[in-house]
Amino acid sequence: MTQDELKLAVAQAAMAYIPANCIVGVGTGSTANFFIDELGKIKQKLVGAVASSEASAQRLRGHGIEVISLNDAGSLPVYVDGADEITQHLHMIKGGGGALTREKIVAAASKKFICLCDSSKLVDTLGTFPLPLEVIPMAQSYVARQVILLGGQPKLREGFSTDNGNIIIDVSGLKILNPVELEATLNNIAGVVTNGLFAHRKADVLLLGTASGVKTLVA
């Protein structure tokens, strides 16, 4: 199966987790796009969706699905998104697309987090994929220095700004053995809005696309 076929398979499997007449939280990225396309087929059963990025909001509207602000929606029954890396403990690195802050907010406001990945994203230890930090622009140099003290190698994501108007610093060289602790440490650096570790609020269910079908891992 191609990677796109695996993404489609997990997106279709996620439909079983979407309650009728609900507002669903929707992530960002290529796998989330497959999920949005599947939601378009059941839009008559939805009240609407909360999007974690402007790009996802636009795609949802293209399918005729009402996009609702999180402030109006309140608590959500389910949030569905992909990941750049995920462990068997369902800790993740997210933010390759730069939407990590809004993704983290929508995930935190959701009762259940369903992660959709193909088998290439499942790792024993997080850190091969560079860890994104969303950073207030004036803090770029300070945050980079603090990251170096932690053993990371920071690199500005050139020519990119988030939907919130901030920059992304991608950090490589970290072997993340305690993701919950590192998530808190990085978030305590002045100027960091948030980082791409989803460990404090990890996934509840992983739908993993493999050559032999979709496998389900539960936290």
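Up top is the structure these notes are about.
Quick caveat: nothing in here was measured; it's all calculated off a predicted structure.

Draft legend 1. Broad picture of the sheet that holds strand E8 (residues 153–156). On the basis of which strands lie adjacent, the open sheet formed by four strands has the order E8-E9-E7-E10 and antiparallel pairing. With one partner strand each, in any of the chains shown, E8 and strand E10 (192–195) form the two edges of the open sheet. Ignoring strand direction, the axes of neighbouring strands in this sheet form an average angle of 30 degrees. Direction of pairing for E8 relative to strand E9 (residues 167–172): antiparallel, over a ladder of four bridges. Among the inter-strand pairings, Pro154 is bridged to a residue of E9, identified as Val171. Contacting strand E7 (131–135), E8, E9 and E10, helix H6 (residues 140–149) crosses the sheet at an angle of about 155 degrees to E8. Docked against the sheet, helix H7 (residues 179–187) engages E7 and E10, running at close to 165 degrees with respect to E10.

Draft legend 2. Just the sheet that holds strand E1 (residues 22–26), in detail. Ordered by their spatial adjacency, six strands build an open sheet running E2-E1-E3-E6-E12-E13, and the pairing between neighbours is mixed. A single partner strand is all that each edge strand has here, and the edge strands are strand E2 (46–51) and strand E13 (213–218). Neighbour to neighbour, the strand axes of the sheet diverge by 25 degrees on average, direction disregarded. Where strand E12 (residues 205–210) and E13 come together, six bridges link them in antiparallel fashion. If you follow Leu208 over to E13, its bridge partner there is Lys215. Contacts between helix H2 (residues 30–39) and the sheet are confined to E1, E2, strand E3 (79–81) and strand E6 (113–118), with E1 contributing the most and set at about 160 degrees to the helix.

About the cut-offs
Residues numbered from 1 in each chain as written. Predicted model: local features only at pLDDT ≥ 70, side-chain atom pairs only at ≥ 80, totals over all residues. Heavy atoms only, no water. Pairing = 2+ DSSP bridges. Helix = DSSP H or I, 4+ residues; strand = E, 2+ residues; numbered from the N terminus. Axes fitted to C-alpha atoms, helices over the stretch in contact; angles between N-to-C directions. Contact = heavy atoms within 4.5 Å.

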